[in-house]
Amino acid sequence: MTDETDLGRLDAAHHLHPFTDNRILKEAGGPLVIAAGKGCDLWDENGHQYFDALAGLWCVAVGYGRRELADVAHEQIERLAYYNTFFRTTTAPTARLAAKLAELTPDGLNHAIFTNSGSEANDTIARLTRHFWALEGRPEKRVIIGRDLGYHGSTLAAISMGGITSMMEQGGLPLPDFDRIEAPYKFLNAPGLPDKVYARKAARALQKRIDELGADTVAAFVAEPIQGAGGVIIPPDGYFSEIEKICRANDVLLVADEVICGFGRLGTWTGSEYFGIKPDMMALAKGLSSGYQPIAAVMVGDRVANVLLERGRDLSHGFTYSGHPVAAAVALANIEIIEREGLLARVRDDIGPYLAERLKTLEDHPIVGEARSCGFIGAVELVRQKKPRVAFHPPGIVAAVVRDQMQSAGVIVRSVGEALVFAPPLIATHAQIDRLVTVMRASLDEVVRKVNHTVQAELAADAMLQNGRSLEGRVALVTGASRGLGAAVAGRLARAGAKVVLAARSLTDLDAVANAIRETGGEAETVALDLSDPASIEALPGQVADMVDRLDILVANAAILGPIGPTAEQETEAWGETIAIDLNANFRLLRAFHDMLSASDAGRVILVSSGAARAELADWSAYAAAKAGLEALLRAYAAETANSPIRVNGVDPGALRTGMRASAFPEEDPETLPIPERACEVFVQLSTPMCKLTGAVVPVSID
Ligand code: PXG
């Protein structure tokens, strides 16, 4: 019974594994038997060596095989192997660890409650938040809000606090009074938005949910600073400060689940410290003991602790092994190693930046959509095609193949959806980071050969073009969309698969256009916009970001000529107004949307110059000046953005059958003019990601 095959079979016969399809495991002849560990390396029963880039399960911060920790456990077992902390007793390591944790965690977190796992810590937090509000005389504050893909553990309450739907399906969860909002997963949720815009949008989702539920019913919001098991989701700058503000404004407790981020993962003792927030409660586990002993803790902030101390009477909660002396002694010694070896500074100043730099080199790989990291935790997202982005479908297969490939090559990472995720021990060397990146690249190459990805991607792109939906997945903003050419262009882009946001002065006028688009199966949103008001233009990106997750195409159809009369005084005014609206408004629009368009993999701008002057005796010099100005503007912007994926073009629509044209040329018979729909094809062509043209003014050709 000692060789690896026998152990694997024995295990498969009697052991049901967590997060594993046990039938497949059995069929495969049982699990890999890990036999030994030293530093960042593991050995299986056959003597194969692996670099453990996942630090066990995100926990072995100080690496394997530390004699010092074995000695501490040994000594503590000999002195006092166990005693409880229930009935006014404690042990020396437990008392010391509580004090040490109060010292290491942010100000105001001064009390610890010990548990044996992160799940129990979060379960404890769920109870405590409700207990706290009941003691405060507000028992109706019960709802705990978490986030999609949040992982807080495997107990009933911890699952309910999280957002892993596969866990909820088993056991009829979530429990009542748990709710959740979107995760700040920019890569999947809003790749086309600039960080700043998305940070605000993702955080505002909390305020929105609190408003819907009623702040009177919400007890707490729980978040991992960086979501680990969900796919190493790193929030954009500004997200957590906004979240903290929202929690305070609504009197909702802020809970940080630091199970992965704590103890140096981000180069700080906690992720809360890294993001500059002061949570009311905090869950700690994993790195607390580097996995050498099962131990976890809830750090309780003064606001909650004082209420518990003053009015809580008996705390009816605890586990036999809460504050276990051996586990506590090992945790203290582990923390001492982190301090002594300067592992926080090492992550912050050395291996963290080195990992980030090496990881970025993978972004030139044809199936790497993003390589991201923060401190010493990272992820590489795989895509079938980068520009425009096409995801692998169904998700989860290619990354799993890469992970297996890497494991065969001796590097252990984890796959989550189409992301490869890793968090090596904090003692990993530059050479080990190099190996992680080299083996990952080789495995990606191997997989590309296997799935013959380029051919498939081209087929996908062709299929998109053939069915006429070349703008599938794109988002377009069309100004002046309530009538005429703007309305026609919006409808045409929607038919090509784009989601369109329609902007114009009057929402009522826009509704009819939006409804017509929706009736034919298109997607449309509307927003009021007054192009003569700079504040209205400046507010537009925020309003657009509230509705859509990206912006790829801006059709600035804004050329409106002011009333122009023949007299000398009016001429000056007319100049002013024409330039103000045609030129300034377009300039402001470009400036306002530059960040969002830059975040798109194929930002497209189309400036439309007017086909008509609205007056009985149009002042053609003002009109011509505005047109020339617009062209200069688009050329200047195209030159500025030449080295980016943004393309900027103009369309001169010529004479079309529009209301504006009719009022400018009342003597003209509209029936002799082409309808605006006939001019739309060029807008689709200029909008596609494949269009490479920039800086051109394209006349409409009607055939
Ligand atoms: N919170 C967070 C943030 C975690 O990552 C827990 C709580 C639960 O801790 P315990 O000790 O009860 O497991 C975790 C655990 C994965 C994976 O698939 C991640 C965890 C556990 C199991 C699998 O990446 N994290």
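Residues numbered from 1 in each chain as written. Predicted model: local features only at pLDDT ≥ 70, side-chain atom pairs only at ≥ 80, totals over all residues. Heavy atoms only, no water.

Enquirer: Any chance you could break down the overall build of the protein chain for me, citing the residues and the numbers?
Expert: Of the regular secondary structure elements, the protein chain holds 25 helices and 22 strands. Considering only C-alpha atoms, the protein chain reaches an extent of 105 × 60 × 45 Å along its principal axes. Looking at the protein chain as a whole, 54% of its 703 residues qualify as buried. A fraction of 72% describes how many contacts in the protein chain between residues 6 or more apart in sequence connect residues 24 or more apart. Approximately 29600 Å² of the protein chain is accessible, and the part contributed by carbon and sulfur atoms is 53%. Separation of charge centres in the protein chain, based on 68 positive and 89 negative side chains, amounts to 2 Å. (Helix = DSSP H or I, 4+ residues; strand = E, 2+ residues; numbered from the N terminus. Buried < 20%, exposed > 50% of the residue type's maximum accessible area, 1.4 Å probe, protein only. Contact = heavy atoms within 4.5 Å. Areas by Shrake-Rupley, 256 points an atom, 1.4 Å probe, with all protein chains shown as cover. Lys, Arg positive; Asp, Glu negative; His and termini not counted. Charge placed at Lys NZ, Arg CZ, Asp CG, Glu CD.)

Enquirer: Tell me about the sheet that holds strand β3 (residues 49-52), residues and numbers included.
Expert: The four strands are arranged β1-β2-β3-β13 in an open sheet whose pairing can be described as mixed. If you trace the sheet from one side to the other, it starts and ends with β1 (34-38) and β13 (411-412), each paired once. Relative to β13, β3 is paired through two bridges, and the arrangement is parallel. Within β13, the residue paired with F51 across the bridge is V411. (Pairing = 2+ DSSP bridges.)

Enquirer: Lay out the pairing of strand β21 (residues 647-652) with the relevant residues and their values.
Expert: Successive residues of a regular strand alternate their side chains across the two faces of the sheet. The buried count for β21 comes to five of six residues, which makes it a mostly enclosed element. Note that strand β20 (residues 604-608) and β21 share five bridges and pair parallel. When the sheet's bridge partners are listed, V608 is paired in β21 with V651. Inspection of the sheet shows β21 paired to strand β22 (residues 696-699) by four bridges, in the parallel sense.

Enquirer: Give me the pattern of salt bridges: which residues, what numbers.
Expert: Tallied over the full model, the rule gives 39 salt bridges. Note that R311 is salt-bridged to E136, the shortest N-O span being 3.0 Å. Of the two residues, R311 is situated in helix α13 (residues 302-311) and E136 in the loop between α6 (118-135) and β5 (143-147); the sequence distance between them amounts to 175 residues. Judged by its relative accessible area of 38%, R311 is partly exposed. A salt bridge links D601 to R474; the shortest N-O distance between them is 2.9 Å. Separated by 127 residues along the polypeptide, D601 in the loop between α22 (568-599) and β20 and R474 in the loop between α18 (453-466) and β16 (475-479) bring together distant segments of the chain. In terms of burial, D601 and R474 fall into one category: buried. Via salt bridges that share partners, R138, D216, D251 and R303 belong to a single interconnected network. (Salt bridge = Lys/Arg side-chain N within 4 Å of Asp/Glu carboxyl O.)

Enquirer: Now, about the site of the ligand: what can you tell me, with residues and values included?
Expert: Not every one of the 16 residues close to the ligand is listed here, only the nearest: W58, G118, S119, D257 and R414. Between the ligand and the protein, one listed contact pairs a nitrogen atom with a side-chain N or O atom of K286 at 3.0 Å. In isolation the ligand offers 540 Å² of accessible surface; the protein chains occlude 87% of this area. Elements that contribute at least two residues to the shell around the ligand include exactly α3 (55-58) and α6. Ranked by residues supplied to the shell around the ligand, first place goes to α6 with three residues. Within the shell around the ligand, the residues separate by chemical class into six nonpolar, six polar and four charged. (Near = heavy atom within 4 Å. Polar contact = N/O pair within 3.5 Å; in protein donor to acceptor, adjacent residues only side chain to side chain. Nonpolar A, V, L, I, M, F, W, Y, C, P; charged D, E, K, R; others polar.)

Enquirer: Give a detailed account of the sheet that holds strand β18 (residues 523-528), specifying residues and quantitative values.
Expert: With parallel pairing, the seven strands of this open sheet are ordered in space as β18-β17-β16-β19-β20-β21-β22. Lying at the two open borders of the sheet, with one neighbouring strand each, are β18 and β22. Across this sheet, the average inter-strand angle for adjacent strands is 20°, counted without regard to direction. Pairing of β16 with strand β17 (residues 499-504), which is carried by five bridges, proceeds in the parallel orientation. Considered in β17, the bridge of A476 is made with V500. (Axes fitted to C-alpha atoms, helices over the stretch in contact; angles between N-to-C directions.)

Enquirer: Kindly report on a nonpolar patch on the surface, identifying the contributing residues and their values.
Expert: Together, L80, Y82, Y83 and Y321 make up a nonpolar patch on the protein surface, roughly 370 Å² of accessible area in all. Note that Y321 resides in the loop between α13 and α14 (325-340). (Patch = residues over 30% accessible without salt bridge, like charges linked within 9 Å, V, L, I, M, F, W, Y side chains within 5 Å.)

Enquirer: Run through the nonpolar core, naming residues and quoting values.
Expert: L97, L101, L382 and L436 are the most contacted members of the largest nonpolar core, which has 64 residues in total. Looking at this core, the element that brings in the most residues is α14, giving 10 residues. Residue assignment places this core across two domains, with domain 2 (35-61 + 343-455) and domain 3 (67-340) each supplying three or more. In this structure, A223, Y239, L551 and A638 belong to the second largest nonpolar core, which totals 54 residues. (Core = buried A, V, L, I, M, F, W, Y, C linked by side-chain atoms within 4.5 Å. Domains from an automatic or database assignment.)

Enquirer: Describe the packing of helix α10 (residues 195-213) against helix α11 (residues 239-249), with residues and values.
Expert: In contact at an axis separation of 8 Å, α10 and α11 are set at 20° when each is read in the N-to-C sense. Considered as vectors, α10 and α11 are oriented roughly parallel to each other. Where α10 crosses over α11, the handedness of that crossing is right-handed. Listed contacts from α11 to A199, A202, A203, R204, L206, Q207 and I210 of α10 are Y239, E242, I243, I246 and C247. Considered class by class, the residues forming the contact of α10 with α11 number nine nonpolar, one polar and two charged. (Parallel < 35°, antiparallel > 145°, perpendicular 65-115°, else oblique. Left-handed = near helix turned anticlockwise from the far one by under 90°.)

Enquirer: Tell me about the packing of helix α5 (residues 92-104) against α14, and please be specific about residues and values.
Expert: The interhelical angle for the contact between α5 and α14, taken along N-to-C directions, is 40°, at an axis separation of 8 Å. Considered as vectors, α5 and α14 are oriented oblique to each other. Where α5 crosses over α14, the handedness of that crossing is left-handed. Every residue of α14 that contacts α5 at P93, T94, R96, L97, K100, L101 and L104 is listed here: P325, A328, A329, A331, L332, I335 and E339. Here the residues of the contact of α5 with α14 are counted per class, giving 10 nonpolar, one polar and three charged.

Enquirer: For the environment of G39, give the residues involved together with the corresponding values.
Expert: The residue G39 is located in the loop between β1 and β2 (41-44) in this model. Taking C-alpha positions, G39 is 24 Å from N116, a pair spaced 77 residues apart along the chain. Other than its neighbours up to four places away in sequence, G39 contacts G63, Y64 and I427.

Enquirer: Give a detailed account of helix α16 (residues 397-408), specifying residues and quantitative values.
Expert: Because each turn of an α-helix spans 3.6 residues, side chains separated by three or four positions end up pointing in the same direction. With 12 residues, α16 should cover 16 Å at 1.5 Å per step; its first-to-last C-alpha distance of 17 Å lies within 8% of that length. A positive backbone phi angle near 95° is found at G410, which sits one or two residues after α16. (Expected span 1.5 Å × (residues − 1).)

Enquirer: How would you explain the side chain of Q76 if you had to name every residue and give the values?
Expert: The topology assignment puts Q76 in helix α4 (residues 67-79). Residues contacting Q76, with those up to four places away along its chain left out, are A81, P93, P325, V326 and A329.

Enquirer: Residues and numbers for unusual backbone geometry, please.
Expert: Between L173 and P174 the backbone carries a cis peptide bond, its omega angle lying at 5°. Along the polypeptide, P174 turns up in the loop between α8 (165-169) and β6 (178-181). Not every positive phi belongs to a glycine, and R313 is a case in point at roughly 45°. Among the structural elements, R313 can be located in the loop between α13 and α14.

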